[in-house]
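Each chain is listed here by its residues.
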4 protein chains.
Amino acid sequence: MIRITTAGESHGKGLFAILEGIPAGLKLDIAEIDARLALRQSGYGRGERQKIERDRVEILSGVRNLTTLGSPIALAVWNCDYENWKEYMAPEGCDVSKRRLTKVRPGHADLAGMLKYEQNDARNVLERASARETAVRVAAGEICRRLLLALGIEIAGYVKSVGSVSDENSYTFDEILKCSSVLGMADISLEKEACRLIDGAKAAGDTLGGVAELRVRGLKSGFGSCMTYAEKLDARLCAALMSVQAIKGVEVGLGFEAARRCGSAVHDEILPSPEEGDKRVGNGPFRAFIRSTNNAGGIEGGMSNGEEIVLRAAMKPIPTLMKGLRTIDADTREPALSAPERSDVCAILACETVCEAAVAAELAKVVCERLGGDTMDELKRRYGALR
Amino acid sequence: MIRITTAGESHGKGLFAILEGIPAGLKLDIAEIDARLALRQSGYGRGERQKIERDRVEILSGVRNLTTLGSPIALAVWNCDYENWKEYMAPEGCDVSKRRLTKVRPGHADLAGMLKYEQNDARNVLERASARETAVRVAAGEICRRLLLALGIEIAGYVKSVGSVSDENSYTFDEILKCSSVLGMADISLEKEACRLIDGAKAAGDTLGGVAELRVRGLKSGFGSCMTYAEKLDARLCAALMSVQAIKGVEVGLGFEAARRCGSAVHDEILPSPEEGDKRVGNGPFRAFIRSTNNAGGIEGGMSNGEEIVLRAAMKPIPTLMKGLRTIDADTREPALSAPERSDVCAILACETVCEAAVAAELAKVVCERLGGDTMDELKRRYGALR
Amino acid sequence: MIRITTAGESHGKGLFAILEGIPAGLKLDIAEIDARLALRQSGYGRGERQKIERDRVEILSGVRNLTTLGSPIALAVWNCDYENWKEYMAPEGCDVSKRRLTKVRPGHADLAGMLKYEQNDARNVLERASARETAVRVAAGEICRRLLLALGIEIAGYVKSVGSVSDENSYTFDEILKCSSVLGMADISLEKEACRLIDGAKAAGDTLGGVAELRVRGLKSGFGSCMTYAEKLDARLCAALMSVQAIKGVEVGLGFEAARRCGSAVHDEILPSPEEGDKRVGNGPFRAFIRSTNNAGGIEGGMSNGEEIVLRAAMKPIPTLMKGLRTIDADTREPALSAPERSDVCAILACETVCEAAVAAELAKVVCERLGGDTMDELKRRYGALR
Amino acid sequence: MIRITTAGESHGKGLFAILEGIPAGLKLDIAEIDARLALRQSGYGRGERQKIERDRVEILSGVRNLTTLGSPIALAVWNCDYENWKEYMAPEGCDVSKRRLTKVRPGHADLAGMLKYEQNDARNVLERASARETAVRVAAGEICRRLLLALGIEIAGYVKSVGSVSDENSYTFDEILKCSSVLGMADISLEKEACRLIDGAKAAGDTLGGVAELRVRGLKSGFGSCMTYAEKLDARLCAALMSVQAIKGVEVGLGFEAARRCGSAVHDEILPSPEEGDKRVGNGPFRAFIRSTNNAGGIEGGMSNGEEIVLRAAMKPIPTLMKGLRTIDADTREPALSAPERSDVCAILACETVCEAAVAAELAKVVCERLGGDTMDELKRRYGALR
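Residues numbered from 1 in each chain as written. Chains lettered and ligands numbered in written order. Predicted model: local features only at pLDDT ≥ 70, side-chain atom pairs only at ≥ 80, totals over all residues. Heavy atoms only, no water.

> Help me understand the interface of chain C and chain A in this model?
How large an interface is tends to be reported as the accessible area lost when its parts come together. Listed as interface residues are 17 residues of chain C and, on the opposing side, 17 residues of chain A. For chain C, the biggest contributors to the area lost against chain A are M227, R370 and R382 of chain C; these three give 39% of the whole. Connecting chain C to chain A are two salt bridges. The interface formed by chain C and chain A holds eight residue pairs in polar contact (both at pLDDT 80 or more) in total. When contributions to the side of chain C that touches chain A are tallied by element, the ones reaching two or more residues are α11 (348–371) and α12 (376–385) of chain C. (Contact = heavy atoms within 4.5 Å. Buried area = accessible area lost by both parts, 1.4 Å probe. Salt bridge = Lys/Arg side-chain N within 4 Å of Asp/Glu carboxyl O. Polar contact = N/O pair within 3.5 Å; in protein donor to acceptor, adjacent residues only side chain to side chain. Helix = DSSP H or I, 4+ residues; strand = E, 2+ residues; numbered from the N terminus.)

> Explain the interface of chain A and chain B here, please?
Each partner contributes residues to the interface: chain A has 106 residues there, and chain B has 107 residues. Surface buried jointly by chain A and chain B totals about 8600 Å² across both partners, of which 62% is contributed by carbon and sulfur atoms. The largest contributions to the chain A side of the interface with chain B come from Y229, K248 and R333 of chain A, which together make up 9% of the buried area. Scanning the region where chain A abuts chain B turns up two salt bridges. Across the pair R326 of chain A and E269 of chain B runs a salt bridge, and its minimum N-O distance is 2.9 Å. If you look at where chain A meets chain B, you find 31 residue pairs in polar contact (both at pLDDT 80 or more). Its residues assigned to classes, the side of chain A that touches chain B shows 49 nonpolar, 29 polar and 28 charged. In terms of strand pairing, strand β10 (residues 247–252) of chain A meets strand β10 (residues 247–252) of chain B through three bridges, oriented antiparallel. (Nonpolar A, V, L, I, M, F, W, Y, C, P; charged D, E, K, R; others polar. Pairing = 2+ DSSP bridges.)

> Teacher, can you tell me more about the relation of the copies chain A and chain B here?
These two copies of the chain differ by a rotation about an axis and a displacement along the same axis. For the pair chain A and chain B, the best superposition has an RMSD of 0.0 Å and corresponds to a rotation of 180° with a translation of 0.0 Å parallel to the axis. On the angle and the small slide along the axis, the relation comes out as a two-fold axis. Of the interface residues in chain A, 100% have counterparts in chain B that sit at the interface too, so the contact is made through matching surfaces. (Least-squares fit on C-alpha atoms with pLDDT ≥ 70 in both.)

> When you look at the relation of the copies chain C and chain A in this model, what are you seeing that I'm missing?
Expressed as a screw transformation, the operator carrying chain C onto chain A has a rotation angle of 180° and an axial translation of 0.0 Å, and the superposed copies differ by an RMSD of 0.0 Å. Looking at the interface residues of chain C, 100% of them are also at the interface in chain A, so both copies use one shared face.

> Just to check I follow, could you spell out helix α9 (residues 233–242) of chain B for this structure?
Working note: α-helix, 3.6 residues per turn, so residues spaced by three or four point in the same direction. Taken across its 10 residues, α9 of chain B has 10 buried, putting it largely inside the fold. Within the sequence span of α9 of chain B, burial applies to L233, D234, A235, R236, L237, C238, A239, A240, L241 and M242 of chain B. (Buried < 20%, exposed > 50% of the residue type's maximum accessible area, 1.4 Å probe, protein only.)

> Would you mind showing me how to read the packing of aromatic side chains here?
Each aromatic ring pair is described using two quantities: the centre-to-centre distance and the angle formed by the ring planes. All names here are of chain A. All told, the structure shown has 18 aromatic pairs over all chains when counted by the stated rule. Look at W85 and Y88: their rings are 6.3 Å apart centre to centre, the planes differ by 85°, and that puts the pair in the edge-to-face class. Of this pair, W85 and Y88 are both found in helix α3 (residues 82–89), three residues apart, which corresponds to roughly one turn of the helix. By relative accessible area, which is 9% here, W85 ends up buried. (Phe/Tyr/Trp six-rings, centres within 6.5 Å; stacked < 30°, edge-to-face > 60°.)

> Honestly, helix α8 (residues 188–203) of chain C in this entry has me stumped. Any pointers?
Residue and element names in this part refer to chain C. Between its first and last C-alpha atoms α8 spans 23 Å; for 16 residues at 1.5 Å apiece the expected length is 22 Å, and the two agree. Contacts from the buried residues of α8 go to β7 (154–162) and β8 (165–166). One or two positions beyond α8, positive phi appears at G205, with a value near 70°. (Expected span 1.5 Å × (residues − 1).)

> Help me out: how do you make sense of the sheet that holds strand β2 (residues 14–20) of chain D in this one?
Whenever strands of a sheet pair, they do so through backbone hydrogen bonds, lying parallel or antiparallel. Residue and element names in this part refer to chain D. Taken together, four strands build an open sheet; the order of strands is β1-β2-β6-β3 and the sheet is antiparallel. Of all strands in the sheet, those bounded by a partner on one side alone are β1 (3–8) and β3 (58–59). Sheet topology places β2 next to strand β6 (residues 73–78); six bridges connect them, and they run antiparallel. Of the residues in β6, the one forming a bridge with L19 is I73. Contacting β1, β2 and β6, helix α6 (residues 134–150) runs over the sheet at an angle of about 140° to β6. (Axes fitted to C-alpha atoms, helices over the stretch in contact; angles between N-to-C directions.)

> What's the story with the pattern of salt bridges in this structure? I'm lost.
For side chains of opposite charge, pairing can occur when their charged atoms come near one another. In this structure the tally under the stated criterion is 144 salt bridges over all chains. R137 of chain A is paired through a salt bridge with E133 of chain A; the nearest N and O atoms lie 3.7 Å apart. The exposure class of R137 of chain A is buried, given its relative accessible area of 7%. Residue classification places E133 of chain A among the buried positions, given a relative accessible area of 3%. Its salt-bridge partner being E213 of chain D, residue R312 of chain D comes within 3.4 Å of it at the nearest N-O pair. Here R312 of chain D, found in strand β15 (residues 309–315), pairs with E213 of chain D, found in strand β9 (residues 210–217); they are 99 residues apart in sequence, far enough to count as distant. As far as the burial class goes, R312 of chain D and E213 of chain D line up, both buried.

Okay, structure coming up:
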């Protein structure tokens, strides 16, 4: 069973993950993983921290000569900046009286975390709660994506909106694959507008969020479950997305729009497909069909239906504003301005990258549960045998 | 650890659940559970099936003299209609050549399920995939709600929109508690409009969905996790909601609106609270604070922050339309019209009821993981001791 | 994923289970399950309670016309005796001041359970802790055995010892399959001796335990894991056995004897097999081999190695003695004699039956995790394709 | 929830673990962990590999200034020997044609693993299956032991037998704590005998196993479950022990001996305790009692009963014999002698150390599930409040 366990603090030694359940025989490409890590650090509107860290993955175990062994894969993304923080962060002993953060930042885990863990320094909370944790999730997710790719399952995504600038067009999977702009948007003129919005927010000491759209192509029908509610594909993928820092909403297919329309404008009719009209396999139903639309986003009854999976995730603006937010100081009990710990204005492209990794990880889990198997060859044979 | 396992088919003997991990000493009220079951069957726009079944819960185990024992609680909601279906559905032997459904219904599990389970009769899939499964989830969820209530944690919800009729007002928790109208909306004039919309859809042989808003009051801060992404409160609650049949989108707090605004219009500033200004406990941070707003919907950094939890779920229109949808017949391979298996026009109030149960179940799980304990008294002591 | 969840009290309405993850298309035979339930109630040395209950399984869901649907299978073994206990046990309301048990019985859950669940009546604990719970585990286990059988994997077992009467012979799988004596022993003369021992214990108001040996035949190699310690086949099967009431020790293969011998007398050498000398498949190792011995009991490195699985479980004597055991009365704080709640002298054959069910359940789980799949046909194809 | 995930290969970069769920505020002592690691490498009869590696733990995350943060704790035990193996083992690229092992070793994972993972080099299996994996389990287990110690729960163990030399005496917990001999036995004259046995086995190119006994003191009653079979304390602890490499049998209390005795010679009678006769708390039962014996090994009905936990684990002899074992060569299909990969004659003290770690880890898990909580102070308060 695929399972990802992560560890690591933002200014600690690094970020770490153990990825269990990847079958033996998957070929990895470290440069590809590093490219994803770079993407996670990029995007118009990012701040200085991203220049300090040039994330690279180190594979610690589970892989020999770039091929998985079937054993747990341990990954590290070392924090280059640790040298400067060692004095305040070292597990082995350090000065915890420095670098304290007591002006608890709205929108972050600071205050709830201090209460929960009985801490008087929000650093002891924020170091782990930081979205820097996603660096190693991206690395692990990229390995999962490789696994899916070996089966012909592809994931793509793009930035659908930045703040109020929203792209209402539809794009094919191939069009999305081609997005490689500074913000990850598909429409360049809208992206320019979005960049201007970011510039404005930056000038105002403010921040922006946005919406990412994710797609999965090549997933056969029947993944997920209509029998056990906790195993529904939509529930699992949405939990994965919602577990990404800053996500406040998720949608499948039409999403909230489906609630506004009447049924005949929502459900995807099933039509016979002329080309495949004669094929029929075993005891099962008619296979030669096409869908008029894909409003369901590829999921019906908690299972993939063979169409593209369409997901959207809404990211709130980064909660650390250069102009500060009103808060209190946990030490003095006095009103205070929250201090900027990092200074991205907009990280929607990074978020989109993380969302892809989160989807890849959860989907690989779902796929491997249904296929079982210990080697990539076995997985391929079994996936190929599915209708 | 609280865990709910459900079973049962729509026209089988009944719906069943085993609810594990409820501490000893919780007093139950069967009438209250039955009232929830009735609510799940009510709502303007419901069809004939709801008149056939008058759901009542039977407690099979885990409870003695209306008090939980700490042992697994088995629940049954028997299908009154089983007598009429026995001949076609009995586990012990029956005629499976009758009541076949081969005109696979768009929007349902029918087609993907037939392929997955190698069936030539969609009945073998739809009987379990049916939303009737939620009857027993509501019963189990109601027990979880009792547990939460014993700790002072309340759940409420209302219908925010029906199709295009949307209520943009905000309501206090107490105002929501008072909703008891035919559609579960808070604004009676809007509800009238919604009823007319339903009438229109009915006349057209069409269906409608809507949006439910859920609230949790009295949940202390620190539930969920900022340390392990799979344990984030928002991820868990949203998965619970998304696992409810027909849900296509979920939001926390501002949700998608958060992605449109700039950061200073999203994050909930923290202000000192005059009344409690002198209280401070142990090593932890300043406690006397209030929030200017609750755009976060009570969750920051994957944890409850002490404010009300605010969630929204979008329900798609019921996929069985009286006027039918184009599809194919799995037997003949010919184009066909999908046959109505049930005939609700709008089930948003039922859906809202189920969403409350789903939230109650997941939240009770989260709460009990943090509190541990074997008896309700122990839970109450521990919850009381939390800041 | 296969998962069994049980519920039910000894004198409540019945025992219940939900069995998830059984693929679609498994044919069930209710008479076969009932035969197992009868076996669980049989054996020389059993008492009166077994005559009160004639256990039969009722399938509540997940099965249509004796064929599994892939949906959760709910099972009930109704307690015939409930009618007589309703007054004291009904979930809906009853008189809990009757049938109290306060003379806490050594060897049972009574005392620890009363403290844990803050009860002043051990009945609130013992009703669930009772080995009667295993009735429904046997029913569920029998379904798992059917699944395994469909793949050619067989489970058998026999009683190896009763108290001090121990059978030191070895038996082939087929010899074990033939055991159908009153105590489940393979050597009839030893069994006679064991019966006399039971008679003596009965006369003395005492009780006896014994050892059961379990075997699995037809399991291909590679089930379990050498990569993740919690997934080791031996760890999982032993936990399953140890979870059976009254088991105090478990062994694989030579078990404790392996610790006494030197290595050259323990490890099973690998020899070429003349018949299959030319077969070789793909990239993998030489396949034509035989083992000189099976001291490992079919498990090496946490995985099945293709030989028969050999397990033993030691059952302690039943802790309810007709002559009583010294204890205290939880009400009066006075010394007391523990009161007999039931009166079996020896239940080793029942225990052996339960152990088979426990092994079947865990093994089916392990098998399905590796094979994945949604239908029995798919499982058979995948199992057949394994080397 | 406490969870340990391990990774790492025997000649790879190191062994790694992520330990989740340790509350905030636990003080660690790295020297203490390293002392355990040294113990795991020690013991009369160990070979050369143990001199190559001088294991030390490195804490990678989850700890600041020697105090846990509540975040996942990543641990590394780096392999000093990796420098010499890099060329053949590096994840990033290496020469896999060297250091192949094809003479599959009986008693190891080699053969089953090669078939399962479709490998033609047993190295790709044995590197992970190796007992070297336990180094990091010991490190993680030591952290769990610290947690337990903070609650007053102690674990101790000793070597009860080496091959045929068995110590039949009983020892108090304090006597066991004092064991610090070369083999970890409690009786020095028996230990001398055991050393001679080891010398003999070494001379003969053979190996030896043994039995370790584990004890837990200070565990209050009610840990584990009498309500859900998979949560029984005995089942969980025995699975933990059985998951340790080379363990073939486990016992609780009297273990297999209980199956030989009659009930009156097994069950631990409950007697009033004179000193505490007047204390009684709340609604629960009489508390002032003592046990005549501890044959149950501290577990009744799947729960701790307040007495010392007594466990025994049987270790088979190490399967790598200097004199070799007959096997086949996977390449040539010819008969062969298995090649020694390492050369310990007896590793029972190491095994005992690992067993303590395995018990500590599982017990900490059980304890934290019942107590919940986020900080050590909270755990202590809750544990203190238990009866």
